[in-house]
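Next come the chains, spelled out residue by residue.
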Amino acid sequence: MVSANQPTERATAAAAGHTTAAAVSAANAVARQSHPRQQLGVELRRLRDMAGISGRELAKRVGISQSTLSRIEAGHVVPPLPQVLDWAKAVGADADSQHSLRALTEVAHTPEVRDWASSLADRPHLQDDVRAFEEDAQVVRNFQPSLIPGLLQTADYARRVFATFDPPYTPDAAAAALAARLERQRVLYDPTKRFEFLITEAALRFRPGPHRVLLAQLDRIISIETLDTVTIGVIAQDIEASTTIPHGFVIYENEDHALASAEPIPGSMVTRGPDLVDAHRRRWDALTRMAMFGTDAHEFLTGLRD
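Per chain, residue numbering runs from 1 following the sequence as it is written. A pLDDT threshold of at least 70 governs which residues receive local features in this predicted model, and a stricter bar of 80 or more applies before side-chain atom pairs are shown or counted, although totals over entire chains, interfaces and linings include all residues. For the side-chain quantities, the full set of heavy atoms in the structure was used; hydrogens and water were omitted.

A.B. asks: Quick rundown of the overall build of the protein? Include the residues and the values.
C.D. replies: A run of H or I in DSSP becomes a helix once it reaches four residues, and a run of E becomes a strand once it reaches two; helices and strands are each numbered from the N terminus. Within the protein, the secondary structure is distributed over 14 helices and 7 strands. Two residues form a contact once any of their heavy atoms are found within 4.5 Å. Excluding contacts between residues fewer than 6 apart, the proportion of contacts in the protein whose partners are at least 24 apart in sequence is 77%.

A.B. asks: I'd like to hear about the sheet that holds strand 1 (residues 112-115), residue by residue, with values.
C.D. replies: The strands making up a sheet associate through hydrogen bonds between their backbones, and the pairing can be parallel or antiparallel. Only when DSSP finds a minimum of two bridges between them are two strands counted as paired. Spatial ordering of the open sheet is given by 1-7-6-5-2-3-4, a layout of 7 strands whose pairing is mixed. Each having just a single partner strand, strand 1 and strand 4 (230-235) make up the two edges of the open sheet. In this sheet, adjacent strand axes meet at a mean angle of 15° when their direction is disregarded. In this structure, strand 5 (residues 249-253) lies alongside strand 6 (residues 258-262), joined through 5 bridges in antiparallel fashion. Note that in strand 6 the partner of Tyr 252 across the bridge is Leu 259. Axis definition: a line fit to C-alpha positions, over the contact stretch in the case of helices; interaxial angles, taken between N-to-C directions, run 0 to 180 degrees.

A.B. asks: Talk me through the pattern of salt bridges; I want residue IDs and the actual numbers.
C.D. replies: When a carboxyl oxygen of Asp or Glu lies within 4 Å of a side-chain nitrogen of Lys or Arg, that pair is called a salt bridge. Applying the stated criterion to the full structure yields 24 salt bridges. One continuous salt-bridge network, built from bridges that share partners, spans Arg 141, Arg 194, Glu 196, Glu 253, Asp 278 and Arg 281.

A.B. asks: Tell me about the packing of aromatic side chains, and name the residues and values.
C.D. replies: Only Phe, Tyr and Trp rings take part, Trp by its six-membered ring, and two of them pair if their centres are within 6.5 Å. Stacked means planes under 30 degrees apart, edge-to-face means over 60, and tilted covers everything else. Under the counting rule described, the total for this entry stands at 5 aromatic pairs. Considering the side-chain rings of Phe 133 and Tyr 252, the 5.3 Å spacing of their centres and the 45° angle between planes classify their relative orientation as tilted. Taken together, the residues Phe 133 in helix 8 (residues 127-136) and Tyr 252 in strand 5 connect sequence positions 119 residues apart. Aromatic pair Phe 162 and Tyr 169: ring centres 5.5 Å apart, planes at 90°, arrangement edge-to-face. One exposure class covers both Phe 162 and Tyr 169, and it is buried. Of the aromatic side chains, those joined through ring pairs into one cluster are Trp 116, Phe 162, Phe 165 and Tyr 169. Residue burial is assigned from relative accessible area. The probe radius is 1.4 Å, only protein chains are included, and a residue is buried under 20% of its type maximum, exposed over 50%, and partly exposed in between.

A.B. asks: Give a description of helix 9 (residues 155-163) that names residues and reports values.
C.D. replies: Residues of helix 9 that are buried include every one of Tyr 157, Ala 158, Arg 160, Val 161 and Phe 162, and no others. Those residues of helix 9 that are buried are in contact with helix 8, helix 10 (171-184), helix 11 (201-205) and helix 12 (211-224).

A.B. asks: So, the confidence of the model for the protein: which residues are in play, and what are the values?
C.D. replies: Per-residue confidence from the predictor is reported as pLDDT, a score between 0 and 100. Mean pLDDT over the protein works out to 88, with 89% of the residues at or above the 70 mark. A low-confidence stretch, residues 1-33 (pLDDT under 50), is modelled with 8 contacts involving residues beyond four sequence positions or located in other chains.

A.B. asks: An account of the pairing of strand 7 (residues 267-271) is requested, with residue identities and associated values reported.
C.D. replies: Working note: regular strand, side chains alternate between the two faces of the sheet. Of all 5 residues in strand 7, 4 are buried, a share of seventy percent or more. Sheet analysis places strand 1 next to strand 7, joined by 4 bridges and oriented antiparallel. Across the sheet, Glu 112 pairs through a bridge with Val 270, a residue of strand 7. With 3 bridges connecting them, strand 6 and strand 7 associate as antiparallel partners. Residue pairing across strands places Ala 262 opposite Met 269, the latter belonging to strand 7. Hairpin remark: strand 6 followed by strand 7, antiparallel, with 4 residues in the connecting loop.

A.B. asks: Can you lay out the packing of helix 2 (residues 36-51) against helix 4 (residues 66-74) for me, pointing to particular residues and giving the numbers?
C.D. replies: Running from N to C, helix 2 and helix 4 cross one another at 120°; their axes reach a closest spacing of 6 Å. Overall, the two elements helix 2 and helix 4 adopt an arrangement that is oblique. Together, Gln 38, Gly 41, Val 42, Leu 44, Arg 45 and Arg 48 of helix 2 and Leu 69, Ile 72, Glu 73 and Ala 74 of helix 4 make up the contact between the two elements. Charged residues are taken to be Asp, Glu, Lys and Arg, nonpolar residues to be Ala, Val, Leu, Ile, Met, Phe, Trp, Tyr, Cys and Pro, and polar residues to be all remaining types, Gly included. Here the contact of helix 2 with helix 4 is built from residues that sort into 5 nonpolar, 2 polar and 3 charged. Roughly parallel covers angles under 35 degrees, roughly antiparallel covers those over 145, roughly perpendicular covers 65 to 115, and oblique covers all other angles.

A.B. asks: Could you give me a rundown of the pairing of strand 5, with the residues and numbers involved?
C.D. replies: Judged by how many residues are buried, strand 5 sits mostly within the fold: 5 of 5 residues are covered. Residues of strand 5 alternate between two faces, with Phe 249, Ile 251 and Glu 253 on one and Val 250 and Tyr 252 on the opposite face, all of them buried. In this structure, strand 2 (residues 139-144) lies alongside strand 5, joined through 5 bridges in antiparallel fashion. When the sheet's bridge partners are listed, Arg 141 is paired in strand 5 with Ile 251. The turn linking strand 5 back onto strand 6 is made up of 4 residues.

Okay, here's the thing in structure tokens:
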């Protein structure tokens, strides 16, 4: 007779089957994620759980904050490869797991591109996505070469910009997008954040309606420029160029991570890989050297309005 304290062969087999099922379930969870960065986060979390190491302890071993570790595991932050390898070493990952992590990290650093049609398939607009980036960031750096940045747009200017969108908004969706864009602008008054704008003269002269629309828009920029949280730089048309003018882009900076976004013609593009975000920073620095700020920018804006 087998003691109650001794596992039977059936119980042992069941336990083994449960372990295998758990491993398969974890693998399937990774496969179901929609973004490589989420796949990477799920795999890193799985390896940490298997090693029985707390998030607090692993953060110390890897040399990051616990909040950063949580963001990585949730797929909100894409860690650089050396950090991923340190993580793998700290949890005792085998060679196959390390190879898989390398591949996932490389793919996770690739920009995420979504076409407009699929992005808008189940919602009227994308303003909430942008708002989430802005609310999460401590510093927002926005370069626009062709039109006024959304955070600075008047209601009339924004309405006319939405009217030119392709694919076109329905009347209800356009109204919802406009309301959401205006609601986003409240973040400009948050004293814990900083907003830096670089706007070309061509963007300042872009007129999606009668002259009165542009005059009101320039007045708003001149007014917003007085906020302590906002810096506006203007790149004049006749300035000697120190770099080429690319498409518009926005860099969202936080203490432990950063990302960059852009809107090429086919859709939206979000870049989270550290090296590619650094490329956006370098272009920002080059564009900044071409811009005028402070009194010079104010005089340029008022002169253009007048």
